[in-house]
Amino acid sequence: MAQAILDVMPGASTGTVQVSDPLNFWAGKRVEPRQQKNAEPVFEPATGDCFFLLCLIWSKRDKPLALVEKREKIAKLEVINNGKSITEALVDIDIAWQCIEYYAGLAGALAGQHVQLPGGAFAYTRREPLGVCVGIGAWNYPFQIAAWKSAPALACGNAMVFKPSPFTPVTAVILAEIYKEAGVPDGLFCVVQGGAETGTILCQHPKVAKVSFTGSVPTGKKVMEMSAKGVKQVTLELGGKSPLIIFKDCDLENAVRGALMANFLTQGQVCCNGTRVFVQKDIMPQFLEEVVKRTKAILVGDPLLDSTRMGALINKPHLEKVLGFVSQAKLQGARVLCGGERFVPSDPKLVNGYFMSPCVLDNCRDDMTCVKEEIFGPVMSVLPFDTEEEVVQRANNTTFGLASGVFTRDISRAHRVAENLEAGTCFINNYNISPVEVPFGGYKMSGFGRENGQVTIEYYSQLKTVVVEMGDVDNYF
Ligand SMILES: NC(=O)C1=CN([C@@H]2O[C@H](COP(=O)(O)OP(=O)(O)OC[C@H]3O[C@@H](n4cnc5c(N)ncnc54)[C@H](O)[C@@H]3O)[C@@H](O)[C@H]2O)C=CC1
Ligand SMILES: C[N+](C)(C)CCCC(=O)O
């Protein structure tokens, strides 16, 4: 049954939606790519069925409601395309519109400085746009990433060309339509579809002033290299292997909840996940008992059902990669306390979906692959520790530095650990909340630059200094 992209509601269910509208947005409208060759199927993660044919080569050519009203429709499409649960997708869309409202509010507050100079002269600074910015997104938060990049870019007066991941091409174009309806002039926010080739064209384009990239470390390095050639500014939001440190004086109930939030959102496909869970030895048995009990209770299945808590992974190769990490962990001596297997829901339409049962690994050591490498799936590695000094050193023993977390009731310890952890974010007694008001971004190989918060204005604007003479020119010649 073919349905127009905005007509998925209200009767749509998993396996029934086919997207037929074009997904590029150029000069104020949806446009077909000029060349229709190289079409690739886009799969619905919950069923394994193709629901859209994406043309990967584009070239420039040619009525929506407000975002809040469209929230449920966008969330449903996000679920169909990404596989995450509807409960989470709704939160993602809310975070996206909060981000847009936040930067729309900040736009009027952009200001320079007035500096007095000798003799009545003075200078002032103007905060000016960079020009055309490119946003390149990953597939785990397709709509939210598009908002996190475009909202500050547009608020600072830039234009943005956004390229979603070819695995999740469907929702960015709706954001373009929402901007248009809100009065954003045609051409200021464009969406182009494609993969590495399109991304390369964008990064190399001489008229592009800045690239904001979310994705893997290897691609991030390529983006930086290409941008260096054109002396373009770059923001890189890359991967992570973040530590979550649970001290024996914590509130155990909250620490367990925090560990689940740190590992299982979006089927574990979250860059800032706290996948190395360090637990102080004294409370290890209680922690494991609780965390395993609750992990086993996570309802995996049809992501469009309200009761579902975990949907399907993004695609088959990725599912196989994640399951491969679990097998390797077993070979290296880890013990699987629960999950870690392909999961086939009872609903017949989901038998080809990319589901797996969420996994808790015990008996982990710092040198194991599952502890060192980003898995990007629902796999939590639990590691025992004795002292604060030891655990901070082990937590920092990684090339990544995106996020971190600490659970303790000792306020001095909490702030000391937060100071000593080498990461762009440290959550104290919580994990993975993302208020738009606070900056988000990495240390070390997790990238640089920030998204969200006031500081992101700095990454989408440049300062011009205007020097004003009030007297005569002091001439040396
Ligand atoms: N720090 C953060 O905010 C986040 C980081 N990630 C990271 O992203 C990875 C998963 O996402 P993927 O989409 O698989 O990453 P990826 O690096 O393969 O792709 C990311 C984006 O870059 C594009 N791309 C690929 N090759 C390119 C090239 N040569 N030039 C320009 N663009 C190119 C892709 O089409 C896609 O849109 C994970 O490693 C994860 O850690 C994911 C989400 C958030
Ligand atoms: C929203 N949050 C904090 C769970 C994840 C955002 C970062 C990402 O794009 O992976």
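Cut-off values and rules
Residues numbered from 1 in each chain as written. Chains lettered and ligands numbered in written order. Predicted model: local features only at pLDDT ≥ 70, side-chain atom pairs only at ≥ 80, totals over all residues. Heavy atoms only, no water. Helix = DSSP H or I, 4+ residues; strand = E, 2+ residues; numbered from the N terminus. Rg over C-alpha atoms; globule rule 2.2 N^0.38 Å. Buried < 20%, exposed > 50% of the residue type's maximum accessible area, 1.4 Å probe, protein only. Areas by Shrake-Rupley, 256 points an atom, 1.4 Å probe, with all protein chains shown as cover. Phe/Tyr/Trp six-rings, centres within 6.5 Å; stacked < 30°, edge-to-face > 60°. Lys NZ or Arg CZ within 6 Å of the ring centre and 35° of its normal. Patch = residues over 30% accessible without salt bridge, like charges linked within 9 Å, V, L, I, M, F, W, Y side chains within 5 Å. Salt bridge = Lys/Arg side-chain N within 4 Å of Asp/Glu carboxyl O. Pairing = 2+ DSSP bridges. Axes fitted to C-alpha atoms, helices over the stretch in contact; angles between N-to-C directions. Near = heavy atom within 4 Å. Polar contact = N/O pair within 3.5 Å; in protein donor to acceptor, adjacent residues only side chain to side chain. Nonpolar A, V, L, I, M, F, W, Y, C, P; charged D, E, K, R; others polar. Expected span 1.5 Å × (residues − 1). Core = buried A, V, L, I, M, F, W, Y, C linked by side-chain atoms within 4.5 Å. Contact = heavy atoms within 4.5 Å. Parallel < 35°, antiparallel > 145°, perpendicular 65-115°, else oblique. UniProt positions renumbered as here; feature names shortened; annotations may be inferred.

**Focus: the overall build of the protein**
Looking only at helices and strands, the protein features 13 helices and 22 strands. A compact globule built from 477 residues should have a C-alpha radius of gyration of about 23 Å, and the protein, at 24 Å, falls within 12% of that. Taken along the three principal axes of its C-alpha coordinates, the protein extends 80 × 60 × 40 Å. Burial status across the protein gives 56% buried among its 477 residues. Total accessible area computed for the protein in this model is approximately 20400 Å², and 55% of it derives from carbon and sulfur atoms.

**Examining the packing of aromatic side chains**
Applying the stated criterion across every chain yields a total of seven aromatic pairs. Taking 5.2 Å as the distance between ring centres and 70 degrees as the angle between the ring planes, the aromatic pair formed by Tyr-179 and Phe-189 counts as edge-to-face. Of the two residues, Tyr-179 is situated in helix α4 (residues 172–181) and Phe-189 in strand β11 (residues 189–191); the sequence distance between them amounts to 10 residues. Each member of the pair, Tyr-179 together with Phe-189, is buried. Looking at Lys-84, its charged tip hangs above the ring of Tyr-141, at a distance of 3.6 Å from the centre. Above the face of the Phe-247 ring, Arg-413 is positioned so that its terminal group lies 4.2 Å from the ring centre.

**Quick notes on a nonpolar patch on the surface**
Taken together, the side chains of Val-115, Leu-117 and Val-467 define a hydrophobic patch exposed on the protein surface, amounting to about 230 Å² of accessible area. Along the chain, the position of Val-467 falls in strand β22 (residues 461–468).

**Quick notes on the sheet that holds β22**
Spatially, the three strands line up as an open sheet ordered β7-β8-β22, and their pairing is antiparallel. Two strands bound the open sheet, and with one partner strand each, they are β7 (114–116) and β22. On average, each strand axis in the sheet is inclined to that of its neighbour by 25 degrees, with strand direction left out of account. Sheet topology note: the strand β8 (residues 122–129)/β22 ladder contains eight bridges and is antiparallel. Pairing of Glu-128 across the sheet is with Gln-462, part of β22.

**Some points on the site of ligand 2**
Around ligand 2, the neighbouring residues are Asn-140, Tyr-141, Gln-144, Trp-148, Leu-265, Val-270, Cys-271, Cys-272, Asn-432, Ser-434 and Phe-440. Asn-140 places a polar side-chain atom, nitrogen or oxygen, 3.1 Å from an oxygen atom of ligand 2. With respect to ligand 2, the backbone of Cys-271 contributes an N or O atom lying 3.3 Å from an oxygen atom. The protein chains hide 96% of the 310 Å² of surface that ligand 2 would expose on its own. Taken together, the residues of the shell around ligand 2 break down into seven nonpolar, four polar and no charged.

**Describing helix α7 (residues 252–264)**
With 13 residues, α7 extends 18 Å between its outermost C-alpha atoms, agreeing within 8% with the 18 Å of an ideal straight helix rising 1.5 Å per residue. Listed as buried for α7 are Ala-255, Val-256, Gly-258, Ala-259, Leu-260, Ala-262, Asn-263 and Phe-264. If you check the start of α7, you find a side-chain oxygen 3.2 Å away from the backbone N of Glu-253, and it comes from Asp-251. Backbone geometry just downstream of α7 places Thr-266 in the positive-phi region, at approximately 45 degrees.

**Digging into the pattern of salt bridges**
As enumerated under the stated definition, the model contains 22 salt bridges in all. Linking Arg-416 and Glu-388 is a salt bridge whose minimum nitrogen-to-oxygen distance equals 2.8 Å. Highlighted residues: Arg-416 in helix α12 (residues 411–420) and Glu-388 in helix α11 (residues 388–395), separated in sequence by 28 residues. Its relative accessible area of 38% is what places Arg-416 among the partly exposed residues. Put simply, Glu-253, Arg-257, Glu-290, Lys-293 and Arg-294 are held in one network by salt bridges that share partners.

**Details of the nonpolar core**
Judged by nonpolar contacts, the single largest core of 97 residues is most densely connected at Tyr-103, Phe-189, Ile-246, Phe-287, Val-291 and Met-380. Ranked by residues supplied to this core, first place goes to helix α2 (residues 86–107) with 11 residues. Contact partners of Val-291, with chain neighbours within four places excluded, come to Val-256, Ala-259, Leu-260, Val-360 and Met-380. Among the nonpolar cores identified, the runner-up in size contains 29 residues, and Leu-319, Met-356, Met-368 and Val-417 belong to it.

**Brief notes about the site of ligand 1**
Gly-137, Lys-163, Ser-216, Leu-238 and Glu-374 are the nearest of the 29 residues found near ligand 1. In the environment of ligand 1, an oxygen atom lies 2.6 Å from a nitrogen or oxygen atom belonging to the backbone of Gly-137. At 3.2 Å, a backbone N or O of Gly-215 approaches an oxygen atom of ligand 1. Taken by itself ligand 1 offers 840 Å² of open surface, and the protein chains cover 87% of this. Among the secondary structure elements, those contributing two or more residues to the shell around ligand 1 are α5 (196–204), β12 (208–214) and α6 (217–229). Among the elements that line the shell around ligand 1, the one with the most residues is α6, at four residues. Taken together, the residues that form the shell around ligand 1 break down as 14 nonpolar, 11 polar and four charged.

**Focus: the packing of α2 against helix α3 (residues 142–155)**
Packed helix pairs are characterised by how far apart their axes lie and by the angle those axes make with each other. Viewed as axis vectors pointing N to C, α2 and α3 meet at an angle of 5 degrees, and their least axial separation amounts to 9 Å. Here α2 lies roughly parallel to α3, going by the angle between them. Facing Asp-92, Ile-93, Ile-95, Ala-96, Cys-99, Ile-100, Tyr-103 and Ala-107 of α2, the residues of α3 in contact are Phe-143, Gln-144, Ala-147, Trp-148, Ala-151, Pro-152 and Ala-155. Tallied by class, residues from the contact of α2 with α3 come to 13 nonpolar, one polar and one charged.

**Focus: the UniProt feature "active site" (unreviewed entry) in the protein**
UniProt's feature table lists "active site" (unreviewed entry) at Glu-237, given in the numbering used throughout. In this fold, Glu-237 is placed in strand β13 (residues 233–237). Each residue touching Glu-237, except ones within four places of it in the same chain, is listed here: Phe-213, Thr-214, Gly-215, Leu-402, Phe-440, Gly-441, Gly-442, Ser-446, Gly-449, Arg-450 and Glu-451.

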